[in-house]
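Structural description and commentary
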Amino acid sequence: MSLAMVRKIEIKGLIFDLDGVIADTAHLHYKAWCKIGDQLGFNLSKAQNEKLKGVSRKDSILKIANWAGKSFTEAELDSLALEKNENYLSYCQTLGTKDILPGVYDFINASVNKGLKLAVGSASKNAKLILQKLGIINLFSIVVDGNVVENSKPDPEVFLKSAEILELEPKNCIVFEDSQAGIQAAIKAGMFSVGVGLENLRSCDHKIENFEGLDPEQLLTQLSNIIYQ
Ligand code: BG6
Ligand code: MG
């Protein structure tokens, strides 16, 4: 116990990734990328797709081109990214409150009632549109998305900008993330990280399968005394 270090934190803000944390859209991104992969004669595996989660559209097409062993001009890359987005948006047409992931709505409402500041920190340029479709955009103080950051996760920019706008210190924020790139971004931002989902996320401070039955009060109590050995 002598080497144990107790970190006490006061959580004042929650920063949520969007795709795969709030919205059941990660599989739609995958489907849209697979369609582009097919055109390139390339089969995008689930393991490779994990490496695209949290990553910007532009960086994603660069990775896919690289895995497929193809080289493209900037204009061709832009055109492939545009096509992917058109496909993705067509899959998103029917999105609504039914596509909010389990427990998220109640957790977010309870967090707002508790006086916590809430932000969305997403790589997606479609984040506001998706949140509007889900009918929950008004629950967040701020949405920091792929339109306002220059550097994609694992760069911490999206989370640092969220905390700055919320007027909070990074150490007083929790990030909820379903991607390894996002967990790395949270760590680099100096924030507490909660991994969401069934994927094998490394290095997060805490892991939950989903938000079902999760009470923010309970979670914060659980996280406020963490012993590292
Ligand atoms: C992230 C997703 O949230 O946003 C990625 O995890 C996606 O899969 C990225 O590529 C960019 O999204 P968009 O909507 O701008 O293409
Ligand atoms: Mg995500």
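Here is a short report on the structure shown in this document. Everything quoted here is computed from the prediction, not taken from an experiment.

1. Some details on the layout of surface pockets
Computed from the structure, the largest pocket encloses a volume of approximately 580 Å³. Along its surface, the largest pocket is lined by 33 residues, and V55, S56, R57, A123 and S124 are the ones closest to its centre. No other element matches helix α4 (residues 74–91), which puts five residues into the lining of the largest pocket. By residue class, the composition of the lining of the largest pocket is nine nonpolar, twelve polar and twelve charged. The space that makes up the second largest pocket amounts to roughly 470 Å³.

2. Here's the deal with the coordination of the magnesium ion (ligand 2)
Taken together, the protein ligands of the magnesium ion (ligand 2) are D17 (OD), D19 (O) and D178 (OD), with distances of 2.0 to 2.1 Å. Each donor residue of the magnesium ion (ligand 2) lies on one chain, and together they are spaced D-x1-D-x158-D. You can see D17 sitting in the loop between β2 (13–16) and α1 (26–39) and its partner D178 sitting in the loop between β5 (173–177) and α8 (180–189), a full 161 residues away along the chain. Look at D17 and you get buried, because its relative accessible area is 5%. The exposure class assigned to D178 is buried, which follows from its relative accessible area of 7%.

3. Section: the state of the cysteines
Applying the stated criterion across every chain, the model contains zero disulfides. The structure places no disulfide on C34, whose sulfur is separated from the nearest cysteine sulfur, that of C92, by 15 Å. Cysteine C173 shares no disulfide, and the gap to the nearest cysteine sulfur, in C204, comes to 17 Å.

4. With respect to the nonpolar core
F16, I22, F176 and F211 are the most contacted members of the largest nonpolar core, which has 40 residues in total. If one sorts the elements of this core by residue count, helix α6 (residues 127–134) sits on top with four residues. Among residues more than four places away in sequence, those in contact with F16 are V21, I22, F107, I108, L118, A119, V120, G121, F140, F176 and F211. Membership of the second largest hydrophobic core comes to 15 residues, among which are I15, L168, C173 and V175.

5. Some words on the packing of aromatic side chains
Applying the stated criterion to the full structure yields seven aromatic pairs. For the ring pair F16 and F140, a centre distance of 6.0 Å and an interplane angle of 75° mean the geometry is edge-to-face. Highlighted residues: F16 in strand β2 and F140 in the loop between α6 and β4 (142–144), separated in sequence by 124 residues. Like F16, the residue F140 is buried in the burial classification. Where F107 meets F176, the ring centres are 5.7 Å apart and the plane angle is 75°; that geometry is what we call edge-to-face. A residue pair is termed long-range when its members are at least 10 positions apart, and F107 in helix α5 (residues 104–113) and F176 in strand β5 qualify at 69 residues. Each member of the pair F107 and F176 is classed as buried. Here the guanidinium or amino end of K31 rests over the ring plane of Y91, the centre of that ring lying 4.2 Å away.

Each value, and the rule that gives it
Residues numbered from 1 in each chain as written. Chains lettered and ligands numbered in written order. Predicted model: local features only at pLDDT ≥ 70, side-chain atom pairs only at ≥ 80, totals over all residues. Heavy atoms only, no water. 1 Å grid on protein atoms, 1.4 Å probe; cavity = no way out; pocket = protein on both sides within 12 Å on 5 of 7 lines; lining within 4 Å. Points joined across faces, edges and corners; volume = space filled by probe spheres on them. Helix = DSSP H or I, 4+ residues; strand = E, 2+ residues; numbered from the N terminus. Nonpolar A, V, L, I, M, F, W, Y, C, P; charged D, E, K, R; others polar. Donors = N, O, S within 2.8 Å, 3.2 Å for Na, K, Ca; no water. Buried < 20%, exposed > 50% of the residue type's maximum accessible area, 1.4 Å probe, protein only. Disulfide = S-S within 2.5 Å. Core = buried A, V, L, I, M, F, W, Y, C linked by side-chain atoms within 4.5 Å. Contact = heavy atoms within 4.5 Å. Phe/Tyr/Trp six-rings, centres within 6.5 Å; stacked < 30°, edge-to-face > 60°. Lys NZ or Arg CZ within 6 Å of the ring centre and 35° of its normal.

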